[in-house]
Amino acid sequence: MKKLQNFMVCGLTGWCMEILFTSTGSMYKRDKRLMGQTSLWMFPIYGMAAVIAPVSRHLTRCPTLLRGAIYSVGIFTGEYVSGSFLKKHKMCPWDYSKAKANINGIIRLDYAPLWMFAGLAFEKILMITNPR
């Protein structure tokens, strides 16, 4: 039951983070509506961040930057695997092929700091929802 709860919390948190992130693009376009977007496919992808809960227990003594880097690598892996699957079936809601630091249009290496922050945010949220 706790694993399902963590999955739901991470899925909803990821959706919210994505909507906030994509709405910042509206500011650059001077669109006062600040429209953000996501996809239903993103819920289970973000939900997979629930694996951070057990992983973080093994990383408690590691520096924050190292933990963030580990989470970033994990998120890149999940993004690449899920994106490859979705792209194969013509269902991938993102396409990074025009970005300079992309790999197969599926991940953007320049997003590493964002994924580090996201991983640490998931870690903190999961600690709050799963007190020891």
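None of these values were measured; they are calculated from a predicted model.

Examining helix α1 (residues 2–28)
Reasoning step 1: Between its first and last C-alpha, α1 extends 40 Å over 27 residues, near the 39 Å set by a 1.5 Å rise per residue.
Reasoning step 2: Taken as a whole, α1 has its buried residues at Asn6, Cys10, Gly11, Thr13, Gly14, Glu18, Ser23 and Ser26.
Reasoning step 3: Check the buried side of α1 and you find it contacts α2 (42–47), α3 (52–58) and α5 (112–129).
Reasoning step 4: Count one or two residues on from α1 and you reach Arg30, which has phi positive near 60°.

Quick word on the packing of α1 against α5
Reasoning step 1: For the pair α1 and α5, the least separation of the axes is 11 Å and the interaxial angle reads 140°. Taken as axis vectors, α1 and α5 run oblique relative to one another. Once α1 is placed against α5, the crossing between them reads as right-handed. The residues of α5 that touch α1, namely those facing Lys2, Gln5, Asn6, Val9, Cys10, Thr13, Gly14, Met17 and Phe21, are Leu114, Ala118, Phe122, Ile125, Leu126 and Thr129.
Reasoning step 2: Residue composition of the contact of α1 with α5, by class: nine nonpolar, five polar and one charged.

How each quantity is defined
Residues numbered from 1 in each chain as written. Predicted model: local features only at pLDDT ≥ 70, side-chain atom pairs only at ≥ 80, totals over all residues. Heavy atoms only, no water. Helix = DSSP H or I, 4+ residues; strand = E, 2+ residues; numbered from the N terminus. Expected span 1.5 Å × (residues − 1). Buried < 20%, exposed > 50% of the residue type's maximum accessible area, 1.4 Å probe, protein only. Contact = heavy atoms within 4.5 Å. Axes fitted to C-alpha atoms, helices over the stretch in contact; angles between N-to-C directions. Parallel < 35°, antiparallel > 145°, perpendicular 65-115°, else oblique. Left-handed = near helix turned anticlockwise from the far one by under 90°. Nonpolar A, V, L, I, M, F, W, Y, C, P; charged D, E, K, R; others polar.

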